[in-house]
Amino acid sequence: MHLSRVRVQSLRIVDSVSLDPSPHLNFITGANGSGKSSLLEAIYLLGTGRSFRTRRNSELIQRGEEKLCVSATVVSGTGDQQILGVEKTVSATRIRIGGKNMWNASSLAQSLPVMAILPDSLGVVTGSADLRRSLMDWALFHVKPGYLSVLQSYKQALRQRNALLRQGGGGIALESWDERVGEFGQLLHSWRQEYLGDAQDIVRGFSERLLGIPVDVRYRPGWKDDISLKLALGRSLDADRRRGSTTVGPHRADLELSSEGVAVRGRLSRGEAKLLAVAVFLAYAQYVTTRTGHKPVLLIDDLAAELDERNRHLFLDAVAGMGIQVFITASEPRLLETDCSAEAAMFHVEQGAMRRVV
Ligand SMILES: Nc1ncnc2c1ncn2[C@@H]1O[C@H](COP(=O)(O)OP(=O)(O)O)[C@@H](O)[C@H]1O
Ligand SMILES: [Mg+2]
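Each value, and the rule that gives it
- Residues numbered from 1 in each chain as written.
- Chains lettered and ligands numbered in written order.
- Predicted model: local features only at pLDDT ≥ 70, side-chain atom pairs only at ≥ 80, totals over all residues.
- Heavy atoms only, no water.
- Near = heavy atom within 4 Å.
- Polar contact = N/O pair within 3.5 Å; in protein donor to acceptor, adjacent residues only side chain to side chain.
- Areas by Shrake-Rupley, 256 points an atom, 1.4 Å probe, with all protein chains shown as cover.
- Helix = DSSP H or I, 4+ residues; strand = E, 2+ residues; numbered from the N terminus.
- Nonpolar A, V, L, I, M, F, W, Y, C, P; charged D, E, K, R; others polar.
- Core = buried A, V, L, I, M, F, W, Y, C linked by side-chain atoms within 4.5 Å.
- Buried < 20%, exposed > 50% of the residue type's maximum accessible area, 1.4 Å probe, protein only.
- Contact = heavy atoms within 4.5 Å.
- Phe/Tyr/Trp six-rings, centres within 6.5 Å; stacked < 30°, edge-to-face > 60°.
- Salt bridge = Lys/Arg side-chain N within 4 Å of Asp/Glu carboxyl O.
- Axes fitted to C-alpha atoms, helices over the stretch in contact; angles between N-to-C directions.
- Parallel < 35°, antiparallel > 145°, perpendicular 65-115°, else oblique.
- Pairing = 2+ DSSP bridges.

Engineer: If you had to explain the site of ligand 1 to someone new, which residues and values would you point to?
Structural biologist: Neighbouring ligand 1 are 15 residues; Gly-33, Lys-36, Ser-37, Ser-38 and Ile-61 lie closest to it. Here Ser-38 contributes a side-chain N or O atom positioned 2.5 Å from an oxygen atom of ligand 1. Against a free-state accessible area of 570 Å², the protein chains account for coverage of 75% of ligand 1. Of the residues forming the shell around ligand 1, the biggest block, three residues, is contributed by helix H1 (residues 36–48). Residue composition of the shell around ligand 1, grouped by class: three nonpolar, seven polar and five charged.

Engineer: Describe in detail the nonpolar core, supporting the description with residues and values.
Structural biologist: Of all hydrophobic cores here, the largest spans 78 residues; its most connected members are Tyr-284 and Leu-298. Of the residues forming this core, the biggest block, 14 residues, is contributed by helix H10 (residues 270–292). Setting aside residues no more than four positions away along its own chain, Leu-298 makes contact with Met-115, Ile-117, Leu-282, Ala-285, Val-319, Ile-324, Gln-325, Val-326 and Phe-327. Ranked by size, the runner-up nonpolar core spans 39 residues in total, among them Val-14, Leu-19, Val-86 and Ile-97.

Engineer: Which residues make up the side chain of Ser-341, and what values do they have?
Structural biologist: Here Ser-341 is to be found in the loop between strand S13 (326–330) and strand S14 (345–350). Residue classification places Ser-341 among the buried residues on the basis of a relative accessible area of 16%. Only 3.5 Å separates the side chain of Ser-341 from the backbone oxygen of Leu-336, close enough to count as a polar contact. When neighbours within four sequence positions are excluded, Ser-341 is seen to be in contact with Phe-27 and Leu-336.

Engineer: I'd like a description of the packing of aromatic side chains, backed by residues and values.
Structural biologist: Per the counting criterion, the structure on display carries three aromatic pairs. Arranged with centres 5.3 Å apart and planes meeting at 70°, the rings of Tyr-44 and Phe-52 form a pair that is edge-to-face. Assigned by exposure class, Tyr-44 and Phe-52 land together as buried. With 6.2 Å between their ring centres and 50° between their planes, Tyr-147 and Trp-191 make a pair best called tilted. Taken together, the positions of Tyr-147 in helix H5 (residues 147–166) and Trp-191 in helix H6 (residues 171–196) put the pair 44 residues apart, joining distant regions of the chain. Looking at Trp-191, the relative accessible area reads 13%, which means it is buried.

Engineer: Requested: an account of the pattern of salt bridges, with residues and values cited.
Structural biologist: Across all of its chains, the model carries 16 salt bridges by this definition. The partner of Glu-59 in a salt bridge is Arg-56, with the nearest N and O atoms 3.0 Å apart. Residue Glu-59 is classed as partly exposed on the basis of its relative accessible area, which comes to 34%. Residue Arg-161 pairs with Asp-178 through a salt bridge whose shortest N-O separation is 2.5 Å. Taken together, the residues Arg-161 in helix H5 and Asp-178 in helix H6 connect sequence positions 17 residues apart. What makes Arg-161 buried here is its relative accessible area of 0%.

Engineer: Quick one: what's the story with the packing of helix H4 (residues 129–143) against H10, residue by residue and with numbers?
Structural biologist: Viewed as axis vectors pointing N to C, H4 and H10 meet at an angle of 10°, and their least axial separation amounts to 9 Å. Between H4 and H10, the angle falls in the class roughly parallel. Here Leu-135, Trp-138, Ala-139, His-142 and Val-143 of H4 come into contact with H10, specifically with Val-280, Phe-281, Tyr-284, Ala-285, Tyr-287, Val-288, Arg-291 and Thr-292. Split into classes, the residues belonging to the contact of H4 with H10 amount to ten nonpolar, two polar and one charged.

Engineer: Outline the sheet that holds strand S5 (residues 81–88), listing residues and values.
Structural biologist: If you walk across this open sheet you meet the six strands as S2-S1-S4-S5-S6-S7, and the pairing is antiparallel. Across the chains shown, the open sheet's two edge strands, defined by having one partner strand only, are strand S2 (14–19) and strand S7 (100–102). Along the sheet, successive strands turn relative to each other by an average axial angle of 15°, direction set aside. Relative to S2, strand S1 (residues 2–11) runs antiparallel, the two sharing five bridges. Note on S2: the bridge partner recorded for Val-8 is Val-17. Its contacts with the sheet put H1 on S1, S2, strand S4 (68–75) and S5, and the angle it makes with S1 is roughly 115°.

Dropping the structure here:
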């Protein structure tokens, strides 16, 4: 998949921008506050219906305006074209796909898989499990139809169970939530188990290429899965009551990164951990491409500044080698200089206005 004819109107500092990106590498430079991240946010909106920075439409809409609009043509690998549009007012989001109104943001994600790698994403190796879980959920959403709706049902059942635990409830009500949490959770687990294994070789390949060490990624289910989740819920009931929340299940799952059987966390320098984080994200993007035949669009914000020169080159070369459409921002063109920069379309942003440089 790649985007052409991107139009952004009234999104933060971006008043009105039309851009014809390259189907491959797009480098966006500009001073701090010029609107680089806002442009990536616009593309992210097209693939998800939401921002990666805020949940509030009022923050995204340009001050003094009533709504923002983003649109673009998505071109598939076989050349099919479809126009996507997202419009936001303070209280509503309107989605159009191929001229039809849609009510569900997940239809955007099906039409346009996007992956955003942000400075915060670099914590995927050393930080909390949330980031790793959202990465696995992102991948599974794309490779397994029906995953999202089961995940949503699971989360809803979990909220109900937790509410009941906090109220000190039990009996039949609790049993029926255990039933649902157990059933949806077991299904999520079986899909994660079935599909994520294939990502393992890809992660090894990317980490070997970027860091020089093959890193294994192992899926951890979130409970000791030698017993069913339903049984595990029953066994953890006393502990869960004390805590007022459910301590076992796929919402506690994780991806464990190790090399030669030893966890890499704590063994890597800060620079290496960041580079491995990039490798893991790129590997999952590659995994989704291989599994679905659809290449996600990659949005990479401000990462160049986080990596030293050598790692920056390794990272940019790896991205370029994937042959997918990428939008990469940096405050200075110098940060994006590498062997592949000659192939890239270069854009410069100033005060929310954009021009193509090369
Ligand atoms: N709703 C808004 N209306 C107008 N300007 C905004 C709005 N939200 C943020 N901005 C401005 O947009 C700029 C942020 O742009 P951003 O995309 O983060 O820049 P960059 O990534 O290049 O540093 C800031 O100057 C900020 O003041
Ligand atoms: Mg920025």
